[in-house]
Amino acid sequence: MSERKVLNKYYPPDFDPSKIPKLKLPKDRQYVVRLMAPFNMRCKTCGEYIYKGKKFNARKETVQNETYMGLPIFRFYIKCTRCLAEITFKTDPENTDYAMEHGATRNFQAEKLLEEEEKRIQQEREEEELNNPMKVLENRTKDSKLEMEVLENLQELKELNQRQALVDFEGMIDQYREMEKREREREKEEDEREMKEMLERALVKRLRESDSDSETEEESSSSKQSDKSSSDKPTDILTADKPTEAEGASAGGAKKAKVESWERSVGTLGGKGALGSLVVRKKPAVTVSKPSSVTETAAPISQTDSKPATTDSTDASKPVTTQNGSSSLSLLGAYSDSDSNDSE
């Protein structure tokens, strides 16, 4: 299988190039080439701007009877992108440029004008020096001064370059990197410190909230206790037992505590003969009492016989039990009445 893109072709041994027929083509024949616009131009027909670098399929031909130092000059034909008008320009080997010929105008170019102006000034100077020797001397002095200024500027630039050459750029870069590193560390420390302060503030706030919650709980518990103490009945103290420490102190013969007034008539609640275990709450019961008969019977007894009264007073200190083994609060009232009568 042969190659698709062949660079070298096969020539047989009996190949004779003189036998190849030569084509007789005209010298002003045209070729189709692909090129870009060499400069900015504007179409004369429609005013369309064609910028440098625009690509065209152009026709190329050799200009007849026109050369520059033996170099041929070529002409190019392009069409306007808007009105399809024909535009022509040709090469300018003298100025190493292109020259506009027909169909468009070349836009302003400051560089070309500057070069032309420099050429004109140089020609005028040469013409003046040709006939005036004093002008030649003046131009030389000006040139020498200008040259000295240029040399001084060049020396200053050299000294500046030497100063810069002594600078340690690697050291400067390392120092800059260290500064950046310290700055990053400082920013990191500041962030950590701010975070720690925020956590401390949150912790203090949480502790305050917990303290306030505990205070509210204590207040609620104290209010409950006060409500409970206020709801206690006065007779509950009769059923309450004294602490064991008081019993131990009385058994050891220590100093007795102050005796309350109700203990004198009823008795203490701490000993074996105490009424604390015998006194119970009075149960509601329907009883029919005759106060007149009770008072009548109680009066003769107190007047005629004093012995039963003493027996009653002695019996008041003893516990009176009922059938179920408990005493009633009604007996306490009777004992207290008998004691008052005895005292009278």
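Definitions and limits used
- Residues numbered from 1 in each chain as written.
- Predicted model: local features only at pLDDT ≥ 70, side-chain atom pairs only at ≥ 80, totals over all residues.
- Heavy atoms only, no water.
- Core = buried A, V, L, I, M, F, W, Y, C linked by side-chain atoms within 4.5 Å.
- Buried < 20%, exposed > 50% of the residue type's maximum accessible area, 1.4 Å probe, protein only.
- Helix = DSSP H or I, 4+ residues; strand = E, 2+ residues; numbered from the N terminus.
- Contact = heavy atoms within 4.5 Å.
- Patch = residues over 30% accessible without salt bridge, like charges linked within 9 Å, V, L, I, M, F, W, Y side chains within 5 Å.
- Areas by Shrake-Rupley, 256 points an atom, 1.4 Å probe, with all protein chains shown as cover.
- Salt bridge = Lys/Arg side-chain N within 4 Å of Asp/Glu carboxyl O.
- Lys, Arg positive; Asp, Glu negative; His and termini not counted.
- Charge placed at Lys NZ, Arg CZ, Asp CG, Glu CD.
- Phe/Tyr/Trp six-rings, centres within 6.5 Å; stacked < 30°, edge-to-face > 60°.
- UniProt positions renumbered as here; feature names shortened; annotations may be inferred.
- Pairing = 2+ DSSP bridges.
- Axes fitted to C-alpha atoms, helices over the stretch in contact; angles between N-to-C directions.
- Disulfide = S-S within 2.5 Å.

Points about the nonpolar core
Across soluble globular proteins, you tend to see nonpolar side chains buried next to one another.
Link 1 in the chain: Within the largest apolar cluster, 15 residues are counted, with the highest numbers of intra-cluster contacts made by L35, M41, I50, I78, I87 and F89.
Link 2 in the chain: Those elements that place two or more of their residues in this core are β2 (41–43), β4 (55–68), β5 (71–79) and β6 (86–92).
Link 3 in the chain: Sequence-distant contacts of L35, that is, excluding residues within four places in its chain, are made with K54, K55, F56, A58, F76, I78 and F89.

A look at unusual backbone geometry
With the exception of glycine, the majority of residues adopt a negative phi angle, and the majority of peptide bonds are in the trans configuration.
Link 1 in the chain: The backbone of M69 shows a phi angle near 55°, a positive value even though the residue is not glycine.
Link 2 in the chain: The phi angle at T96 is positive, at roughly 50°, despite the residue not being glycine.
Link 3 in the chain: As for its placement among the helices and strands, T96 is situated in the loop between β6 and β7 (97–102).
Link 4 in the chain: A relative accessible area of 72% places T96 in the exposed class.

Remarks on a negative patch on the surface
Link 1 in the chain: A contiguous patch of negative charge on the surface is contributed by E209, D211, D213, E215, E217, E218 and E219.
Link 2 in the chain: Structurally, E218 can be placed in helix α3 (residues 169–231).
Link 3 in the chain: Take E218: its relative accessible area is 54%, and that puts it in the exposed class.

Quick look at the pattern of salt bridges
Link 1 in the chain: Applying the stated criterion to the full structure yields 13 salt bridges.
Link 2 in the chain: Ionic pairing is found between E129 and R125, a salt bridge with its closest N-O pair at 3.2 Å. Linking E129 with R125, this pair stays in helix α1 (residues 110–131), spanning 4 residues, or about one helical turn.
Link 3 in the chain: Each of E61, R75 and E101 takes part in salt bridges that share partners, so that together they form one network.

Some words on the packing of aromatic side chains
Link 1 in the chain: Tallied over the entire structure, the rule returns 6 aromatic pairs.
Link 2 in the chain: Taking 6.4 Å as the distance between ring centres and 20° as the angle between the ring planes, the aromatic pair formed by Y49 and Y51 counts as stacked.
Link 3 in the chain: Residue Y49 is classed as partly exposed on the basis of its relative accessible area, which comes to 40%.
Link 4 in the chain: For Y51, a relative accessible area of 54% corresponds to the exposed category.

Notes on the UniProt feature "binding site: Zn(2+)" (unreviewed entry) in the protein chain
Link 1 in the chain: The UniProt entry lists C43, C46, C80 and C83 under the feature "binding site: Zn(2+)" (unreviewed entry), expressed in the numbering used here. Despite a sequence span of 41 residues, these residues sit close together in the fold, their greatest C-alpha distance being 8.8 Å.
Link 2 in the chain: If sequence neighbours within four positions are ignored, C46 has contacts with C80, R82 and C83.
Link 3 in the chain: Residue position: C80 is located in the loop between β5 and β6.

Observations regarding the sheet that holds strand β1 (residues 31–36)
Link 1 in the chain: The 5 strands are arranged β1-β4-β5-β6-β7 in an open sheet whose pairing can be described as antiparallel. Every other strand in the sheet has two partners, leaving β1 and β7 as the edge strands with one partner each. Strand-to-strand twist of the sheet, defined as the mean angle between neighbouring strand axes without regard to direction, takes the value 40°.
Link 2 in the chain: In this sheet, β7 lies alongside β6 in antiparallel orientation, the contact comprising 5 bridges. Each bridged residue has a counterpart across the sheet, and for F89 the counterpart in β7 is M100.

Some points on the pairing of β4
Link 1 in the chain: One ladder, built from 6 bridges, connects β1 with β4; its direction is antiparallel. Each residue of the ladder has a partner; that of V32, found in β4, is R59.
Link 2 in the chain: Of the strand pairs in this sheet, β4 and β5 are connected by 6 bridges, and their pairing is antiparallel. Bridging from a neighbouring strand, Y68 pairs with L71 of β5.
Link 3 in the chain: In this antiparallel pair of consecutive strands, β4 and β5, the connection spans 2 residues, and M69 shows a positive phi of 55°.

A closer look at the sheet that holds strand β3 (residues 49–50)
The strands that make up a sheet pair up through hydrogen bonds in the backbone, lying either parallel or antiparallel.
Link 1 in the chain: A sheet is described by the order of its strands in space; here 3 strands give the open sequence β3-β2-β8, paired in antiparallel fashion. The sheet is open, and its two edges are formed by β3 and β8 (104–106), each paired on a single side.
Link 2 in the chain: Sheet analysis places β2 next to β8, joined by 3 bridges and oriented antiparallel. Each bridged residue has a counterpart across the sheet, and for M41 the counterpart in β8 is R106.

Here's the deal with a nonpolar patch on the surface
Link 1 in the chain: Residues Y11, F15 and I20 make up a contiguous nonpolar surface patch of roughly 330 Å² in combined accessible area.
Link 2 in the chain: In this structure, Y11 sits in the segment before β1.

Some thoughts on the state of the cysteines
Link 1 in the chain: Going through the model one piece at a time under the given rule, you end up with 0 disulfides.
Link 2 in the chain: Distance from the sulfur of C43, which forms no disulfide, to the nearest cysteine sulfur (C83) is 3.7 Å.
Link 3 in the chain: Free cysteine C83: the closest other cysteine sulfur is in C46, separated by 3.5 Å.
Link 4 in the chain: We classify C83 as partly exposed; its relative accessible area is 29%.

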